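Below, each chain spelled out in residue letters.
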Amino acid sequence: MQLRDLILSGEFKPGLRLAEQQLAERLGSSRTPIRAALVTLEQEGLVEANETGGYVMRQFTAREVSDAIALRGHLEGMAARLVAEHGLTRQLTLDLESCLCEGDAALQANPLTVEDYARYAAMNDRFHALILEASGNRALQHAIRLNDKLPFAPASAMLPMQGALEIDRDWMLYAHRQHHMLFDALKRGEGSRAQSLAEEHTQVAQMNLRQALERRSESERAMPAMRLVVGK
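## Structural notes on the sheet that holds strand β1 (residues 17–18)
- Read from one edge to the other, the open sheet built from three strands follows the order β1-β3-β2, with strand pairing classed as antiparallel. The open sheet terminates on both sides in strands that have one partner only, identified here as β1 and β2 (47–49).
- When β2 meets strand β3 (residues 55–57), the two strands line up antiparallel, connected through three bridges. What sits directly across from Ala49, in β3, is Tyr55.
- Contacts from helix α3 (residues 31–44) reach β1, β2 and β3 within the one sheet, and its direction differs from that of β2 by about 105°.

Okay, structure coming up:
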């Protein structure tokens with residue numbers, strides 16, 4: 001998403017009103033896809049709606065981001081345990097295997113291109129969504145949807161995104177190996193192991209957050225566009 005890339009590259013300051021017409025002119029687009037993009041970005045926690053029905057850039061702290069990622073880990077751990085205990089259906093097995101193959105293919109390039117990154121992110125979102133849906137726990141599903149409205153909480157929102165795609169590939173390979181290990185635990189019905197792997201999986205996002213904050217002294221855009229308030 002072009003608009004998301006602009007936000008993550010630090011083009012907009014926190015609190016800035018994101019006018020649809022101005023964004024459409026900047027991106028050479030009509031207002032309709034811009035409006036749809038802003039809705040998606042609100043769901044990702046990058047922008048927020050204001051009282052006029054428009055959108056503004058969000059501002060939040062590093063602690064809020066870290067807490068949201070940690071909470072997702074606990075919730076997805078519970079979902080994974082439930083799926084392992086229920087047992088995989090044939091269709092779920094095929095769908096998850098398809099995700100794994102797609103991820104393997106997306107990560108073959110070295111270095112990764114932006115297209116490879118987008119392909120992997122789409123696969124990652126689907127993999128996590130399949131497990132959540134298969135958990136069968138509506139309260140849990142609702143809790144994750146609410147958490148996804150917090151900054152960088154969605155499954156792919158905190159993938160490596162600092163612009164060094166050749167370095168990002170190593171982290172994404174590690175994360176995808178965890179997907180394979182989690183799938184193995186689910187197939188074997190190992191609930192506790194599946195829960196632990198799902199919780200550990202979010203440590204990749206926590207690592208990316210820490211690296212972004214460590215670069216704050218090198219650039220005011222260490223955490224793109226968000227200008228995180230460190231230590232709160």
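## Some details on empty space enclosed by the protein
- Inspection of every chain in the model, using the stated rule, returns two cavities of 30 Å³ or more.
- When its volume is computed, the largest cavity comes out at roughly 200 Å³.
- For the largest cavity, the lining is made up of 17 residues, of which Asn124, Ala155, His201, Thr202 and Ala205 are closest to its centre.
- Counting residues per element, the ones that place at least two in the lining of the largest cavity are α4 (62–86), α6 (114–135) and α10 (203–214).
- Taken together, the residues of the lining of the largest cavity break down into eleven nonpolar, four polar and two charged.
- When its volume is computed, the second largest cavity comes out at roughly 80 Å³.
- In this structure, the second largest cavity is lined by Glu76, Ala79, Ala80, Phe127, His128, Ile131, Leu132, Leu182, Ala198 and His201.
- When residues of the lining of the second largest cavity are traced back to their parent elements, those giving at least two are α4, α6 and α9 (191–201).
- No other element matches α6, which puts four residues into the lining of the second largest cavity.
- The residue inventory of the lining of the second largest cavity, partitioned by class, reads seven nonpolar, two polar and one charged.

## Things to note about unusual backbone geometry
- Residues Asn110 and Pro111 are joined by a peptide bond in cis, for which omega reads 5°.
- Note on placement: Pro111 falls in the loop between α5 (90–106) and α6.

## Re the packing of α5 against α6
- Following both chains from N to C, one finds α5 and α6 inclined at 160°, their axes separated by 9 Å at the closest point. One way to sum up the angle between α5 and α6 is to call them roughly antiparallel. The chirality of how α5 crosses α6 is left-handed. Residue-level inspection shows Leu92, Asp95, Leu96, Ser98, Cys99, Leu100, Glu102, Gly103, Ala105 and Ala106 of α5 in contact with α6, the latter providing Asp116, Arg119, Tyr120, Met123, Arg126, Phe127, Leu130, Ile131 and Ala134.
- Residue composition of the contact of α5 with α6, by class: twelve nonpolar, two polar and five charged.

## Quick word on the nonpolar core
- The biggest cluster of nonpolar side chains holds 34 residues, and the ones touching the most others in it are Leu96, Tyr120, Phe127, Ile131, Leu182, Leu186 and Ala194.
- When residues of this core are traced back to their parent elements, those giving at least two are α4, α5, α6, α7 (138–147), α8 (165–188) and α9.
- Tallying contributions element by element places α6 first for this core, with eight residues.
- Leaving out residues up to four positions away in the same chain, Leu96 has contacts with Phe127, Leu130, Ile131, Phe183 and Leu186.

How each quantity is defined
Once a new chain begins, its residue numbering starts again from 1 and follows that chain's sequence as written. Residue-level local features of this predicted model are given only where pLDDT is at least 70; pairs of side-chain atoms are given and counted only at 80 or more, and the full residue set underlies all totals for whole chains, interfaces and linings. Side-chain measures here rest on the full set of heavy atoms in the structure, leaving out hydrogens and waters. For two strands to pair, DSSP has to find at least two bridges joining them. Strands here are runs of E lasting at least two residues and helices are runs of H or I lasting at least four, both read from the DSSP assignment and numbered beginning at the N terminus. We call two residues in contact whenever any of their non-hydrogen atoms come within 4.5 Å of each other. Angles run from 0 to 180 degrees between N-to-C directions of axes, and those axes are lines fitted to C-alpha atoms, restricted for helices to the stretch in contact. A cavity here means a set of points on a 1 Å grid, drawn over the protein atoms and nothing else, where a 1.4 Å probe fits but cannot get out; a pocket is an open set with protein on both sides within 12 Å along at least five of seven lines, and a residue lines either one if it has an atom within 4 Å of a point. Grid points are joined across faces, edges and corners, and a volume is the space filled by probe spheres set on the points. The nonpolar class holds Ala, Val, Leu, Ile, Met, Phe, Trp, Tyr, Cys and Pro. Asp, Glu, Lys and Arg form the charged class, and all remaining residues, Gly among them, are polar. Here the word oblique covers every angle except those under 35 degrees (roughly parallel), over 145 (roughly antiparallel) and from 65 to 115 (roughly perpendicular). We call a crossing left-handed when the near helix sits turned anticlockwise from the far one by less than a right angle, and right-handed when that turn is clockwise. We call a set of buried Ala, Val, Leu, Ile, Met, Phe, Trp, Tyr and Cys residues a nonpolar core when their side-chain atoms join them within 4.5 Å. Relative accessibility decides the category of a residue: with a 1.4 Å probe and only protein chains considered, values under 20% of the type maximum give buried, values over 50% give exposed, and everything between is partly exposed.

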